[in-house]
Amino acid sequence: MGTLKEALGYPFLRAGLIMLLLAVIISAMGLYGVDKSYSSNGTLGKGRHFLGDEDFEKSYVYYNRTLIISSSNATFSVIQGNVTERYTQLNGTVKIIPTTRPAIDVFNGTLNYTYTVSAKDYPYAIYSLIAFVLMLVGTVMAFIGYTQFLRDVKEGKR
């Protein structure tokens, strides 16, 4: 029977295994994540106010949003997509965990807010497409090299 050293003498098998190893390394690089964050705060008067940075929130995935509102005798609504939460005569602080970029309708009074968004960015994830192609080509090449090796072993050339 042939040994591993003899099998690696076949160029197709060797190239295929190298491609598979590169595919694993490149796909592991795609898992590297970078934390990104955005924060804003201020005072809101009467009217509708959209919080956050639309470009930031469209660019990343896996958000953690926090909205902290404090006021004395303000009436307002927090709108998140199709859900509206109404607060009447709020004296104190409320913490809201929005699921979407919130809008606030202030009906009377003023309120102070702090809006924080943190997200995860995967800058090398696009290279996973290259890893996928390498995996496919490497598998085919390794299979071709392995069948050549087995054929030579069967014929007694090795």
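Source: prediction; values computed, not measured.

Draft legend 1. Just the pattern of salt bridges, in detail. All told, the structure shown has five salt bridges when counted by the stated rule. In this structure, Arg 101 and Glu 54 form a salt bridge, with 3.8 Å as the shortest nitrogen-oxygen distance. In this pair, Arg 101 is assigned in the loop between strand 4 (83-96) and strand 5 (103-108) and Glu 54 in helix 3 (residues 54-59), connecting sequence segments 47 residues apart. Glu 54 gets classed as partly exposed once you look at its relative accessible area, which sits at 39%. A salt bridge links Asp 152 to Arg 151; the shortest N-O distance between them is 3.5 Å. The class for Asp 152 is buried, based on a relative accessible area of 10%.

Draft legend 2. Geometry of helix 4 (residues 128-155). The end-to-end C-alpha separation of helix 4 is 40 Å, in line with the 40 Å expected for 28 residues at 1.5 Å each. Listed as buried for helix 4 are Ala 131, Leu 134, Gly 138, Met 141, Ala 142, Gly 145, Phe 149, Asp 152 and Val 153. Its buried side turned inward, helix 4 meets helix 1 (4-7) and helix 2 (11-29). Looking one or two places after helix 4, you find Gly 156, whose phi comes out positive at around 85°.

What counts and how
Residues numbered from 1 in each chain as written. Predicted model: local features only at pLDDT ≥ 70, side-chain atom pairs only at ≥ 80, totals over all residues. Heavy atoms only, no water. Salt bridge = Lys/Arg side-chain N within 4 Å of Asp/Glu carboxyl O. Helix = DSSP H or I, 4+ residues; strand = E, 2+ residues; numbered from the N terminus. Buried < 20%, exposed > 50% of the residue type's maximum accessible area, 1.4 Å probe, protein only. Expected span 1.5 Å × (residues − 1). Contact = heavy atoms within 4.5 Å.

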